[in-house]
Amino acid sequence: QLERLKGAGNIITAGQRKERLDMALELGCDVVLDSHERDVEEWVRDAGDLPNVVIDAVGTSASFTLALKAAGREGRVHLFGLPEAPFNNLPMDMILWKELVITSSTGATEYWPTALDLISRGYLKVKSLISHTFTLEEAPSALQFIKEHPKEIVKALFIMEEASE
């Protein structure tokens, strides 16, 4: 949604979970690519014009390497997925020969007012992203559930209620 607001033309999402790919289409993505049905690297090779911007929202060595391969010359690869381990065997020559720009973000607080404004004005649809809600009292069991069921969670939300006097 943000990329569309920033003027992106053809938005393509690749992934493995049908529910999330369907959600991407509902939220404005132009094309979804189920990596269970088609090899993403093969699709990139056959695509012709490579993207100017590639966002890696997974954060693994394999996903970042694929993002580098998918990016067009002088493109930008944005790392958004939180890596669980150091990246290994990255093709640094690809970064150099393609003259790629690597950027990253983690949800910096200086962008929160803008994000809240876009949500409140209806430019960003976020309700469908919230798959689970929990009370603060449920936090220990909720965190255990989230840890044990990562594929079921899109975004989990803890509901904070005001303390009564």
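This text gives an overview of the structure that appears in the document.

### Quick look at unusual backbone geometry
- With a phi close to 55°, Asn-89 is a non-glycine residue in the positive phi region.
- Tracing the backbone through its elements, the reader meets Asn-89 in the loop between β4 (76-79) and α5 (92-98).
- Of note in this structure, Glu-99 is not a glycine but carries a positive phi near 55°.
- Counting through the fold element by element, Glu-99 comes out in the loop between α5 and β5 (101-104).

### Considering the environment of Ile-11
- For Ile-11, the location among the structural elements is in the loop between α1 (2-5) and β1 (12-15).
- For the pair Ile-11 and Leu-25, spaced 14 residues apart in the sequence, the C-alpha separation amounts to 9.7 Å.
- What Ile-11 contacts, discounting residues up to four positions off in sequence, is Glu-3, Arg-4, Cys-29, Asp-30 and Val-31.

### Things to note about the pattern of salt bridges
- Counted according to the given criterion, the structure contains 8 salt bridges.
- The partner of Lys-18 in a salt bridge is Asp-22, and the shortest N-O contact between them spans 2.9 Å. Of this pair, Lys-18 and Asp-22 both sit in helix α2 (residues 18-26), 4 residues apart, which is roughly one turn of the helix.
- A relative accessible area of 52% places Lys-18 in the exposed class.
- Among the residues examined, Asp-22 registers a relative accessible area of 30% and is labelled partly exposed.
- A salt bridge links Arg-73 to Glu-99; the shortest N-O distance between them is 3.0 Å. Of this pair, Arg-73 sits in the loop between α4 (61-70) and β4 while Glu-99 sits in the loop between α5 and β5, and the two are 26 residues apart along the sequence.
- Since its relative accessible area comes to 42%, Glu-99 is described here as partly exposed.
- Residues joined by salt bridges that share partners form a network here, namely Arg-38, Glu-42 and Asp-46.

### A short note on the sheet that holds strand β3 (residues 53-56)
- Strand order in the open sheet formed by 3 strands is β3-β4-β5, with parallel pairing between adjacent strands. The two strands at the open ends of the sheet, each matched to only one other strand, are β3 and β5. Pairwise comparison of adjacent strand axes, ignoring direction, gives a mean angle of 20° for this sheet.
- Alignment of β3 against β4, held across 4 bridges, turns out to be parallel. The residue of β4 that forms the bridge with Ile-55 is His-78.
- Strands β3, β4 and β5 of the sheet are contacted by α4, whose axis makes an angle of about 175° with β3.

### A short note on the pairing of strand β2 (residues 31-34)
- Bridge count between β1 and β2: 4 bridges; the pairing is parallel. Across the sheet, the residue bridging to Thr-13 is Val-32, located in β2.
- Handedness of the β1-α2-β2 crossover: right-handed.

### Focus on the pairing of strand β6 (residues 130-135)
- Inspection of the sheet shows β6 paired to strand β7 (residues 155-159) by 5 bridges, in the parallel sense. Across the sheet, Phe-134 pairs through a bridge with Phe-158, a residue of β7.
- On the question of chirality, the crossover connecting β6 to the parallel β7 by way of helix α7 (residues 139-148) is right-handed.

Scoring rules and cut-offs
Residues numbered from 1 in each chain as written. Predicted model: local features only at pLDDT ≥ 70, side-chain atom pairs only at ≥ 80, totals over all residues. Heavy atoms only, no water. Helix = DSSP H or I, 4+ residues; strand = E, 2+ residues; numbered from the N terminus. Contact = heavy atoms within 4.5 Å. Salt bridge = Lys/Arg side-chain N within 4 Å of Asp/Glu carboxyl O. Buried < 20%, exposed > 50% of the residue type's maximum accessible area, 1.4 Å probe, protein only. Pairing = 2+ DSSP bridges. Axes fitted to C-alpha atoms, helices over the stretch in contact; angles between N-to-C directions. Right-handed = clockwise from strand over helix to strand, strands pointing away.

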